[in-house]
Each structure stands twice: as structure tokens, then as C-alpha cells.
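Survey of secondary and tertiary structure
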Amino acid sequence: MIKYAILGYGVVGSGVAEVMAEQREKIAALVGDEVELKYILVRHDYPGDPFADKMVTDFALIEQDPEISVVAEVIGGANAAYDYSKRALLAGKSLVSSNKELVALHGAELCTIAREKGVNYLFEGSVGGGIPILRPLTQCLAANRIDEVFGILNGTTNYILTAMDTQGQSFADALKKAQELGYAEADPTADVEGHDACRKTAILADLAFGRNMDVNAIPTQGITTLDAADLELARALGYTVKLLGRAIRTEDGCCAFVEPHLIPLSHLLASVSGVMNACVVRGSAVGEVMFYGPGAGKRPTASAVAADIVQAAQHIEHRRDTALGAPGGVLAPEAALVSRWYIRAEDDPTRLKEFTP
Ligand code: HSE
């Protein structure tokens, strides 16, 4: 029997426990062994919860339990999550995570520890929520030189922009609803200011181009400066507005950035609405492929994390790698890209880059 622990019992953590329990028989057949939840690390009690008997508050219990071979970190942030993740790997346990902040900031280091310890480190749920994108990018497209990866990588902002554009909702109302639906980060500033999309862009750029990016060096603009007038004017001009994360191969590195773009209404990305995300990969052999699906939310993200638990359980003996690159990814100035711009010159001017397919 393979035993695993979940660190964190928020939106995603509770989803992982639920999905793993629902698919218990199928997973056992896939792995060739039962995969059993032994602990959930929590900060407070959940009386009456169906998994209450698994809950513990001391991480050392999990770290020191030789029966635990897989740990799923879904706490978020880069403080306690970083400490526990490192300790889990050093204790010889495979680690799976949906924590994009942690992967973007410390993923390369965690990857090295995992390699040294001969365990798995998998983080499919860190980009695109429920969309399978990291394994397709690194495995199914392995025979391509990746030239560009871009897309709508944040569900909360796409939900807000769609609600403002199509239902005339205010920014504040749409954000409140996105929070109620469990899409937003604990501090939604990370969503609306583009930091979440930036972390995902950094992870994609690293996996696509093989070099670890300094996430803090990626130019990032969110959606807080946009208002209903921008969306209305964009539509009148034949566009919609989407927050895009883009990473483009250059001669000596890559050019990566996050900002709201004008998307022609005829382009596929224009029809990606609500919490849906879409990620386009341009490869030297395949051409362009687009991955589409729910980019946030309890069960979609749990679907990705649970699949990583299954992968890790299947490869306890022969580890699998989602190899992040060594540090030193070179970021070319965004000026390397020639674009047309929309500028609304008022007291508080708006600048929007046109997306050219
Ligand atoms: N807050 C994130 C989003 C969650 O809205 O996309 C999924 O990463």
C-alpha cells in the first residue's frame, strides 16, 4: 500500500482528498496498489468533516513517518510551504504541488533535491488549473524546439474581464464573485496585479526554454487600470481584452511578460471566457497547439494534483522528472517585440498592446 499526505485543507486540499477518494478503485488499478490518504496537515479542527480522522497539526509526524511516500503540498505561498516541501523531499518523499509561487521561486532548488534523493517532484496543477499543460509541453512535445508559449493563465482575471465585458458588472462585484467561487488567491492582489500569471509564465518559460527565469524580472501589468470604457471601446474596434502571459524564444534567451492585450474577436483566445484558461504552444514540428479548460477552482485543480499523486505513486522506484532548468535564463527586453498599441489618453491613460497572431 502507498500512503500519502496532503499539506493544507483549503479549496484545493479538500478537493484532492475528495477526488482521490472518489477514484480510489481506478487509481489502485492504475498504480497496481492501493493509494491511501494517511494525514492531512491542518491549522485548525474541522469537526464532522469526512476526513477529520486524518487531520494532524504537526508536520514532523508526516516528515518522520516512513510509511508516507508521497506528499501533496497545497498550502500556497512560499513560507511554510517552502519549509515543508524541502523537508519532505530531504526525508525521501515524492512531492507534488499546485503552488505556482513556490515552483516559480524555489522550483529549481526543489527539483535538484528531488533528483539527489531519487524522488519525484511534480507540479502539473501549478499552471492552468485542471488543464494538462506541463506534461504535454515537456513530454508529448519533447521532439520540438519550443518557440513560443502564451495564453490566458489566470482564471480570476479572465472571470472578471468577461463579467465586465459581457454583463457590465463592476470590477469589485466580479472579483467578489470570483472569490466566492474559490478562484482567487488568498490575497487576490496576486491575481489582479498579474503576479499569479507572471509566476505561471516563468514556469512555462523555464520548461519551454530550459533555463530558470528570475520571476521578479518579468515585466508584469495586471488589470486594475482597466475600466468598462476600455472594454467598450475595444469591442467597438473589433477586439476583446485578455490578460496574457507570453514567453517568446529569442536568439540568446527569451522575452517574457504579462499584460492585458487587445485580442481580435476572430481569434480563438477571444472566446475563452469566465474561469477558462487557454495556453498556446508553438513548436518547430507540431506548429501551434492550444490547451483549453478550467484554470482555477476546487475540483479542476484537484484533478491535476491527484493525477500527480498517481504519477508519483506509479514511479516510486523509477522517478519521473518535470525538469526545471538551471538558473541563468536571459530575459530579452520586451522592446524586442514590435507591437501596435491602443492608448486612451485621459487623466489616467490606458495602454493596451494588440495581440498579433
Ligand atoms: N488564482 C488562480 C487563478 C488560481 O485565478 O487562476 C489557479 O492558479
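Check the entry above for the structure.
Residues numbered from 1 in each chain as written. Predicted model: local features only at pLDDT ≥ 70, side-chain atom pairs only at ≥ 80, totals over all residues. Heavy atoms only, no water.

Moving on, we come to the packing of helix α7 (residues 155-167) against helix α11 (residues 228-236). Interhelical geometry of α7 versus α11 gives an angle of 70° and a closest axis separation of 9 Å. Taken together, the axes of α7 and α11 lie roughly perpendicular to each other. Seen from above, α7 lies across α11 with right-handed handedness. When α7 is examined against α11, the residues L161, M164 and D165 are found in contact with a partner set consisting of A228, L231 and R235. Here the residues of the contact of α7 with α11 sort into four nonpolar, no polar and two charged. (Axes fitted to C-alpha atoms, helices over the stretch in contact; angles between N-to-C directions. Helix = DSSP H or I, 4+ residues; strand = E, 2+ residues; numbered from the N terminus. Parallel < 35°, antiparallel > 145°, perpendicular 65-115°, else oblique. Left-handed = near helix turned anticlockwise from the far one by under 90°. Contact = heavy atoms within 4.5 Å. Nonpolar A, V, L, I, M, F, W, Y, C, P; charged D, E, K, R; others polar.)

A few words now on helix α1 (residues 11-22). For α1, built from 12 residues, the straight-helix expectation of 16 Å at 1.5 Å per residue is met to within 8% by its first-to-last C-alpha distance of 17 Å. Listed as buried for α1 are V12, G13, S14, G15, V16, A17, V19 and M20. Next to the buried residues of α1 lie β1 (2-7), α2 (24-31), β2 (35-41) and α12 (298-314). (Expected span 1.5 Å × (residues − 1). Buried < 20%, exposed > 50% of the residue type's maximum accessible area, 1.4 Å probe, protein only.)

This next bit is on the side chain of S69. On the secondary structure map, S69 appears in strand β4 (residues 68-73). Apart from residues lying up to four places away in sequence, S69 is in contact with I2, K3, K93, S94 and I316.

Attention now moves to the nonpolar core. I62 and L204 are the most contacted members of the largest nonpolar core, which has 72 residues in total. Sequence-distant contacts of L204, that is, excluding residues within four places in its chain, are made with V127, I133, L134, L137, V149, L153 and C279. By size, the runner-up hydrophobic cluster in this structure holds 29 residues, among which are Y4, V42, V74 and A302. (Core = buried A, V, L, I, M, F, W, Y, C linked by side-chain atoms within 4.5 Å.)

Attention shifts here to the sheet that holds strand β6 (residues 121-122). The strand order across the open sheet built from six strands is β3-β2-β1-β4-β5-β6, with neighbouring strands paired in parallel fashion. With partners counted over all chains shown, the strands left at the sheet margins are β3 (55-56) and β6, one partner each. Here strand β5 (residues 94-97) runs beside β6; their pairing, made up of two bridges, is parallel. By the bridge assignment, V96 is partnered in β6 with L122. Docked against the sheet, α1 engages β1 and β2, running at close to 155° with respect to β1. (Pairing = 2+ DSSP bridges.)

Attention now moves to the site of the ligand. In the neighbourhood of the ligand, the contacting residues comprise K100, N154, G155, T156, Y183, A184, E185, D191, D196, K200, G295 and A296. At 3.5 Å from an oxygen atom of the ligand is found a side-chain nitrogen or oxygen belonging to N154. Between the ligand and E185 there is a distance of 2.6 Å, counted from a nitrogen atom to a side-chain nitrogen or oxygen. Contact with the protein chains hides 94% of the accessible area of the ligand, taken as 260 Å² for the molecule alone. Mapped onto the shell around the ligand, the elements with two or more residues apiece are α7 and α10 (195-209). In terms of residue class, the shell around the ligand is built from three nonpolar, four polar and five charged. (Near = heavy atom within 4 Å. Polar contact = N/O pair within 3.5 Å; in protein donor to acceptor, adjacent residues only side chain to side chain. Areas by Shrake-Rupley, 256 points an atom, 1.4 Å probe, with all protein chains shown as cover.)

So, about the packing of aromatic side chains. In the structure shown here, the tally under the stated rule is five aromatic pairs. Summarising the aromatic geometry, the rings of Y159 and Y183 are spaced 5.7 Å apart at their centres and angled 65° between planes, so their arrangement reads as edge-to-face. Taken together, the residues span a long stretch of sequence, with Y159 in helix α7 and Y183 in the loop between α8 (171-180) and α9 (189-192) at a distance of 24 residues. Accessibility classification places Y159 together with Y183 in one group, the buried group. Lying across the ring of W341, R351 places its NZ or CZ 4.2 Å from the centre. (Phe/Tyr/Trp six-rings, centres within 6.5 Å; stacked < 30°, edge-to-face > 60°. Lys NZ or Arg CZ within 6 Å of the ring centre and 35° of its normal.)

Let's shift gears to the pattern of salt bridges. Any two side chains of opposite charge can pair if their charged atoms end up close together. What the rule picks out here adds up to 27 salt bridges. A salt bridge links K86 to E109; its shortest N-O distance comes to 2.8 Å. On the criterion of sequence distance, the pair formed by K86 in helix α4 (residues 80-90) and E109 in helix α5 (residues 100-117) is long-range, its members being 23 residues apart. On the basis of relative accessibility, which here comes to 25%, the residue K86 falls in the partly exposed class. One salt-bridge network, held together by shared partners, links K3, R24, E34, E36, K38, D65 and E67. (Salt bridge = Lys/Arg side-chain N within 4 Å of Asp/Glu carboxyl O.)

All right, on to the pairing of strand β11 (residues 276-283) then. For β11, a buried count of six out of eight residues is recorded, marking the element as mostly surrounded by other parts of the structure. With six bridges joining them, strand β7 (residues 146-152) and β11 adopt antiparallel strand pairing. Residue pairing across strands places V149 opposite V281, the latter belonging to β11. For β11 and strand β12 (residues 287-294), the ladder comprises eight bridges, and the chain directions are antiparallel. In the strand pairing of β12, G283 is matched with G287. The turn joining β11 and β12, which pair antiparallel and follow one another in sequence, is formed by three residues.

Read these as layout, nothing more, since geometry by itself doesn't imply function.
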